[in-house]
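Fold and geometry: a report
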Amino acid sequence: MNKTDQKVRLESGPLQAERLPDGNLRLLRALIVKVRDEEIVVPAGFVSDFRSLPRVIQILIDPARVELAGVIHDRLYATGQFTRCETDTIWRLTSQSGGSYANPFQAWLGWLLIRLGARFAWDRARKKSRLA
């Protein structure tokens, strides 16, 4: 078992989702992941695009390899359960776990791109949660 596997554990089983007309996906059952002893719950019905990376990077990182990381990242951005830095690190750790996963280069590259480009998404989600 590698170090990453010890940090991330999928508690609920694999993703189960349905595609919506707008291209997003809706979880059909709750997703529960334990990351460094912190439990993260993404409820059934949560809607996400299942990726946090821009489309242009899909040349280097197969989106299917980071779906789990993407849906968890989207949920954490929506809730603000962790800081932005912690949430982005959770993306990196989770992207390297599961049955189909990113290699270390892909995980670090994805993390770097998220750190550089997702500030606007984080700020928008924080503003939206204050208004709700």
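First things first, this report covers the structure right here in the doc. (Residues numbered from 1 in each chain as written. Predicted model: local features only at pLDDT ≥ 70, side-chain atom pairs only at ≥ 80, totals over all residues. Heavy atoms only, no water.)

Here we look at the pattern of salt bridges
Selection criterion: We count a salt bridge whenever a side-chain nitrogen from Lys or Arg sits within 4 Å of a carboxyl oxygen from Asp or Glu. Only DSSP runs of H or I reaching four residues or more are called helices, and only runs of E reaching two or more are called strands; each is numbered from the N terminus. When a residue's accessible area, from a 1.4 Å probe over protein chains only, is under 20% of the maximum for its type it is buried; when over 50% it is exposed; and in between it is partly exposed.
Under the criterion given, the structure shown has five salt bridges. The residue Arg-84 makes a salt bridge to Asp-88 at a minimum N-O spacing of 3.8 Å. With Arg-84 and Asp-88 both in helix H3 (residues 84–95) and four residues apart, the pair spans about one turn of that helix. Judged on exposure class, the residue Arg-84 and its partner Asp-88 are both buried. Of the charged contacts in the structure, one is a salt bridge between Asp-123 and Arg-119, with a shortest N-O distance of 3.3 Å. Within this pair, Asp-123 and its partner Arg-119 are both found in helix H5 (residues 119–131), separated by four residues, close to a single helical turn. A relative accessible area of 36% means that Asp-123 is categorised as partly exposed. Residue class for Arg-119 comes out partly exposed when judged on its relative accessible area of 41%. One continuous salt-bridge network, built from bridges that share partners, spans Arg-84, Asp-88 and Arg-115.

Topic: unusual backbone geometry
Backbone geometry at Arg-36 places phi at a positive 50 degrees, although glycine is not the residue there. Residue position: Arg-36 is located in the loop between strand S4 (31–35) and strand S5 (38–42). Phi angles above zero are rare outside glycine, and Asp-37 is one such case at about 70 degrees. Its place among the elements puts Asp-37 in the loop between S4 and S5.

A closer look at the sheet that holds strand S6 (residues 47–48)
For clarity, the cut-off: Following DSSP output, two strands are said to pair if at least two bridges run between them.
In spatial order, the strands read S2-S3-S6; together these three strands make up an open sheet with antiparallel pairing. Each of the sheet's edge strands pairs with one partner strand only, and the pair in question is strand S2 (17–19) and S6. Bridge count between S2 and strand S3 (residues 25–27): three bridges; the pairing is antiparallel. Among the inter-strand pairings, Glu-18 is bridged to a residue of S3, identified as Arg-26.

So, the layout of surface pockets
Stated formally: In this analysis, the protein atoms alone were mapped onto a 1 Å grid. Cavities are point sets where a 1.4 Å probe fits without being able to get out; pockets are open sets with protein on both sides within 12 Å along at least five of seven lines; lining residues have an atom within 4 Å of a point. Grid points are joined across faces, edges and corners, and a volume is the space filled by probe spheres set on the points. Each residue is assigned to one of three groups, with Ala, Val, Leu, Ile, Met, Phe, Trp, Tyr, Cys and Pro labelled nonpolar, Asp, Glu, Lys and Arg labelled charged, and all others, Gly among them, labelled polar.
Reported here for the largest pocket is a volume of approximately 370 Å³. Those elements that provide at least two residues to the lining of the largest pocket are helix H2 (67–79) and H5. Class assignment for the residues of the lining of the largest pocket results in seven nonpolar, two polar and four charged.

Regarding the nonpolar core
Basically, it comes down to this: Nonpolar cores were defined as sets of buried Ala, Val, Leu, Ile, Met, Phe, Trp, Tyr and Cys residues, with membership established by side-chain atoms within 4.5 Å. Contacts are residue-level and defined by heavy atoms, with any inter-residue pair within 4.5 Å sufficient.
With 17 residues, the main nonpolar core has Leu-31, Val-71 and Ile-72 as its most contacted residues. No other element matches the four residues that H2 contributes to this core. Not counting chain neighbours up to four residues away, the residues in contact with Leu-31 comprise Leu-10, Ser-12, Gly-13, Leu-15, Ile-40, Val-41, Val-42, Leu-68, Val-71 and Ile-72.

Just geometry here; none of it tells us what the structure is for.
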